[in-house]
Amino acid sequence: MHAVIESLAKVFTGIFSLGEADLITIGINMIMGLSMFLPMTVGQLSFGQAGFMSIGAHIAVVLTLYAGVWFPIALLAGGLGAGLIGFLVGVPVLRLRGLLLALVTFAFAQVVEVFFLNFKPTGAAEGIRGIYPYTNLWYVYGILAILVVFLARLRHSRTGRAFEAVKLDEVAAEAMGVNVTRAKLMAFSAGAFVAGIGGGLYAHFAVFIQYDNFDFKRGVDIAMYMVLGGMDVFYGPLLGAFIITYLSTALQFLADWRWEVWGSIVILVMIFRPQGILGRDTLSARRWFRRRQPTAA
Amino acid sequence: MKTRLRLLGCGFIALLALPGLAHAFGDEIVVGFMVPLTKKGASYGVQSRAATEVAVEEINAAGGIGGRKLTMITKDTEGDNALAIQLARQLIDKDQVIAAHGPQWSAEAEAVFPICERSKVLCFSPTSTKPGVSAPYPWAFRNTVDENVLVPQTLKWVKDNYPWVKKAAILTDIKDAYSKSLGHDTFRPKLKEVGIEVVEEVDYVTGDTDFSAHITKIKAKVPDMIAVGGTWVETANMMKEAQKQDMKVLWVGGVGMGNARIVENTGRASEGAVHNATYDKDANTEMNQSYVRRLLAKVPNETPHWPAANCYDAMKMLAFAIKQANIANTPQTLEADRKKVRDALASIKDFPGLTSADGKISVVDIANGKHAGDAIKKGTLIQIQNGKFTPVGEGKAAALKIR
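Just so it is clear, the structure is predicted and the values come from calculations on it, not from any experiment.

1. Regarding the domain arrangement of chain B
Split into domains, chain B comes out as domain 1 (28-145 + 284-372) and domain 2 (147-277 + 381-391). The interface of domain 1 of chain B with domain 2 of chain B comprises eight residues on the first partner and 10 residues on the second.

Below, the structure is given as structure tokens:
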């Protein structure tokens, strides 16, 4: 019994002794969670983020490793490359909705995976090694901070409100004069751009990449950050990414039972909070600090 | 509501106040172990963990390392590079291990070895087979042999026993780094060296099940043998397809062919196939018998496989190195101790192990003036004769009627 309590205590106390590698991984996963969240702001569920991550990672690595480009520029180039592909893919794909879009983006990620499996200049099946570990806490959390500020500002901007309108009802939004196609394309390419940046950071942290680092399983993981954390507000995926990444190391003491515990947590969250842990009003001060009013009126 | 929150807060603070497990130096030697137990690689990892645990238990039953108890901290890498990096750093920084056993996959090793190098901690991968992974990192070692050493032995034996082998085809799994390098970088030049002409090369990817097109293409060139750069699962399907197309040929593979289930899956189709293995699960030595007995007590429904045996040997070698290093095992001397352990492991010669045909494993620290980090072992040629994995010495080749 004491051992169980001690282990549980360690799961909590571990939060205060996270190492640099843990924090970097958490930060990168948070960025990936946000890249998933951006298409969601217009109601698009994309499973292709792993594919965009792969594109960004490969572009950034090729630039730093073979062309000696300064790391931030390489990151940006990786992001822009992924964003451009996202734009090109988005034009035909965004006519689809819901499940169909999820399937097509999923297929896109597969195409990217097979492309890098056969693409000789980036090592094909052998991958690329010898990448310099440029990624540090400053890069990861600096970029994350910029993204958070951007998303927080976006919520109440004209574009943000247009996104929101598209998400709630496309037809009504169009009737109100919102350019639906433009809004969707913007959100989707922005998501791809962020995924590309995340990929560049990942590559310069893992110092070795190969095609199957960005496979379907990573796509599902990225989706889980958002689904678990909450898909209505931008800090939802942040919490989701933190919990999932942290628990994958903190629950190590459970050994074979880890995934059972983990699965149960997800099921419970889905039962009690189908919109994810953080909803629109979870962190609202008014909700938590207002006086209880008698409901009968 | 307020009371509940307050209670929750108190509980949380109480939890924080509980003393964490402090790492014990002195009478306890702590070694890290990285292995995939879930997701990718779990099918190998579970037995590998059991094998390593057997090794640790045996070491402790025999009095530990110089009277000190050996403790192993197991981390599940899930076959994921980023997680493997996190776990390696936790083992090195937080758990302050003296050395790390693992990681298992070549891809994980590519990501973790640079960390070992930077942190100056020995990382000893028992099963990574992709060529050259440990070469750039002097703190990285592997308990595996280069296929470039084993394949020429196999081909020489084939040449000696089946002089009619003149033409060969190569089938390569291009999705797997080990298989790809075995097919393209090892079989291709080595076949040429022994004077066997390569008449056809066909690539496939891990997970393919239908090989009718591949075999048809190869059959048109009428080769005498097919060299497979791949693992046993796909090889079994190829053999079945070749049998279906009534193509008689000698199959030659690498370490990856070494799983007895290949016979169960193919029946007569695999007859005569040759590969070079470093571990023979039926070896009639006392060491192997007792290992298999203890292993099967932990994982009763499995067939002993080579990665697990490699893990067992690696743990024994690590313990031996720690003993030789004569470490002080205090927090202050950790850095020096890690260096001593690395140097001790690097100089292991003729270590008695399971995974070498002559029972001797040596570690190659420096080869051609550069760090290599791989092991030297003797392979056993195994031929499938009458549906059984049969170790073949000189003159015991099966009478194959192919030409």
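Back to the write-up after that little detour.
2. Quick look at the pairing of strand β1 (residues 28-35) of chain B
All names here are of chain B. A large share of β1 lies buried, amounting to six of its eight residues. Note that β1 and strand β2 (residues 69-76) share eight bridges and pair parallel. Residue pairing across strands places V31 opposite M72, the latter belonging to β2. With helix α2 (residues 42-61) bridging β1 and the parallel β2, this β-α-β connection has right-handed handedness.

3. Comments concerning the interface of chain B and chain A
Each partner contributes residues to the interface: chain B has 27 residues there, and chain A has 24 residues. Breaking the side of chain B that touches chain A down by element, the ones donating at least two residues are α1 (2-17), β2, α3 (81-94), α4 (106-119) and α6 (177-193) of chain B. Among the elements that take part in the side of chain B that touches chain A, α3(B) stands out by supplying 10 residues, more than any other. For the side of chain B that touches chain A, a count of residues per class yields 13 nonpolar, five polar and nine charged.

4. Some points on the sheet that holds strand β11 (residues 351-352) of chain B
Sheet strands associate in pairs through backbone hydrogen bonding, adopting either a parallel or an antiparallel arrangement. All names here are of chain B. Taken together, the three strands give an open sheet; going across it, the order is β11-β12-β15, and neighbouring strands pair in antiparallel fashion. Looking at strand neighbours, the two that pair on one side only are β11 and β15 (375-376), the edges of this open sheet. Looking at chain direction, β11 and strand β12 (residues 360-363) are connected through two bridges and run antiparallel. Residue pairing across strands places F351 opposite I361, the latter belonging to β12.

5. A look at helix α7 (residues 158-168) of chain A
Structural remark: α-helix, 3.6 residues per turn; residues separated by three or four positions point the same way. Residues and elements named next belong to chain A. The set of residues buried in α7 consists of A162, F163, A165 and V166. Buried residues of α7, seen end-on, are gathered within an arc of 160 degrees and therefore sit on one face of the element. Residues of α7 that are buried sit in contact with α8 (170-175) and α9 (180-206).

6. Examining the sheet that holds strand β3 (residues 99-101) of chain B
All names here are of chain B. Taken together, five strands build an open sheet; the order of strands is β2-β1-β3-β4-β5 and the sheet is parallel. The sheet terminates laterally at β2 and β5 (140-142), the two strands that pair on one side only. Within the sheet, the average angular offset between the axes of one strand and its neighbour, ignoring direction, is 25 degrees. On the sheet, α3 packs against β1, β2 and β3 and is oriented at approximately 180 degrees with respect to β1.

7. Examining the nonpolar core
It is characteristic of soluble globular proteins that their nonpolar side chains tend to be buried jointly. If you look at the biggest cluster of nonpolar residues, it comprises 201 residues, and the most contacted ones within it are B:A100, B:C116, B:L122, B:L318 and B:L345. In terms of residues, this core owes the most to one element, α9(A), which gives 14 residues. Looking at which domains feed residues into this core, each of domain 1 (28-145 + 284-372) and domain 2 (147-277 + 381-391) of chain B supplies at least three. Ignoring any residue separated from it by four or fewer positions in sequence, one finds B:C116 in contact with B:A100, B:V121, B:L122, B:C123, B:Y137, B:W139 and B:A140.

8. Concerning the packing of helix α4 (residues 71-93) of chain A against α9(A)
Residues and elements named next belong to chain A. Direction vectors running N to C along α4 and α9 enclose 145 degrees, while the axes themselves pass 7 Å from each other. Judged by the twist between their axes, the crossing of α4 over α9 is right-handed. Here the residues of the contact of α4 with α9 sort into 15 nonpolar, 12 polar and no charged.

9. So, the pairing of strand β17 (residues 388-391) of chain B
Sheet topology places strand β16 (residues 380-385) of chain B next to β17(B); four bridges connect them, and they run antiparallel. Note that in β17(B) the partner of B:Q383 across the bridge is B:T390.

Here is what the cut-offs are and how they apply
Residues numbered from 1 in each chain as written. Chains lettered and ligands numbered in written order. Predicted model: local features only at pLDDT ≥ 70, side-chain atom pairs only at ≥ 80, totals over all residues. Domains from an automatic or database assignment. Contact = placed C-beta atoms within 7 Å. Buried ≥ 20, exposed ≤ 12 C-beta atoms within 10 Å, placed from the backbone. Helix = DSSP H or I, 4+ residues; strand = E, 2+ residues; numbered from the N terminus. Pairing = 2+ DSSP bridges. Right-handed = clockwise from strand over helix to strand, strands pointing away. Nonpolar A, V, L, I, M, F, W, Y, C, P; charged D, E, K, R; others polar. Arc of directions from axis to C-beta. Axes fitted to C-alpha atoms, helices over the stretch in contact; angles between N-to-C directions. Core = buried A, V, L, I, M, F, W, Y, C linked by C-beta atoms within 7 Å. Left-handed = near helix turned anticlockwise from the far one by under 90°.

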